[in-house]
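Report on the structure
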Amino acid sequence: NLVPQETYPHAKCMDGTPPGYYFRPGTGTGTKSIIVFLEGGGWCYPSDVQQPCEPSSSHCSANCHIRANSTHGSSSAYTPTLPPGAIEGGTGYTSGNASRSPFAHFGVAYARYCDGGSFSGTMTTPDIALNGTPPLYYAGKFNLDAVLGDLVASHGVGAFQRVILSGCSAGGMACFIHCDYVANWFKDVNASIDVRCICDAG
């Protein structure tokens, strides 16, 4: 699901494309429970120097100008579905495997990470173009709000019983940063929703 920018005009990946998420419904007793999983991918830094990336190295994805051309900075190459095992390696608590996870029957919303700053940016105008690169948006907090809003509007999550906010790496840091915020966000929608956080970042 790409979030509708007419509804969430400030929600943008770094290149200005709409953020998105993948949704897997719950089964059985988990049809009213969901894990909102925030994808990781490190942080990037603005740079006024366009760094070469031949051969490819770690600084390529750490440079926001370069990252904006990847799936960690743009939704333009998102696939309609995720391959098996794409979420947290496919073997953890979001796997849907009942022999591995007590949450196997929960639904999962896998929020793609395309803002470079742990879903925390609140800039409503783009950063200026540097060294011939396009303007960059740092709007991760608006992306998080858009994902939560679309989950309620498109998948009825506002009527769910349980929400677990989670994530790994930069997504785990986002989970730490936004845990209380997301809990209060859902409580404003439905005071009876039980919201917990499982954050994984080192």
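Before going into details, it helps to say that this report is about the structure given with it. All of these numbers come straight from a predicted model, not from anything done at the bench.

The next thing to look at is unusual backbone geometry. The phi angle at S118 is positive, at roughly 55°, despite the residue not being glycine. Positionally, S118 belongs in the loop between β3 (107–111) and α3 (140–155). The phi angle at F119 is positive, at roughly 55°, despite the residue not being glycine. Mapping F119 onto the fold places it in the loop between β3 and α3.

For α3, spanning 16 residues, the distance from its first C-alpha to its last is 22 Å, which sits close to the expected 22 Å at 1.5 Å a residue. Of all the residues in α3, the buried ones are G140, K141, N143, L144, D145, A146, V147, L148, G149, D150 and L151. Contact partners of the buried residues in α3: β1 (21–24), β2 (33–38), β3 and α4 (170–189). Phi turns positive, to about 65°, at G156, one or two residues after α3.

Within strand β4 (residues 162–168), five of the seven residues are buried, which leaves it mostly tucked inside the rest of the structure. Two elements, β2 and β4, share six bridges in a ladder whose sense is parallel. Bridging from a neighbouring strand, L38 pairs with G167 of β4. Relative to strand β5 (residues 194–200), β4 runs parallel, the two being bridged by seven bridges. Bridging across to β5, I164 finds its partner in R196. A crossover connection joins β4 to the parallel β5 through α4; in handedness this β-α-β unit is right-handed.

In this section: the nonpolar core. Within the largest apolar cluster, 28 residues are counted, with the highest numbers of intra-cluster contacts made by I34, L38, L151, V163 and F186. Broken down by secondary-structure element, the contributors of at least two residues to this core are β2, β3, α3, β4 and α4. With seven residues, the single largest contributor to this core is α4. Setting aside residues no more than four positions away along its own chain, V163 makes contact with I34, V36, V157, F186, I193, D194, V195 and R196. Within the second largest apolar cluster, twelve residues are counted, among which are F37, F106, V108 and I164.

Conventions we followed
- Residues numbered from 1 in each chain as written.
- Predicted model: local features only at pLDDT ≥ 70, side-chain atom pairs only at ≥ 80, totals over all residues.
- Heavy atoms only, no water.
- Helix = DSSP H or I, 4+ residues; strand = E, 2+ residues; numbered from the N terminus.
- Expected span 1.5 Å × (residues − 1).
- Buried < 20%, exposed > 50% of the residue type's maximum accessible area, 1.4 Å probe, protein only.
- Contact = heavy atoms within 4.5 Å.
- Pairing = 2+ DSSP bridges.
- Right-handed = clockwise from strand over helix to strand, strands pointing away.
- Core = buried A, V, L, I, M, F, W, Y, C linked by side-chain atoms within 4.5 Å.

Function cannot be inferred from these measures alone, as they are strictly geometric.
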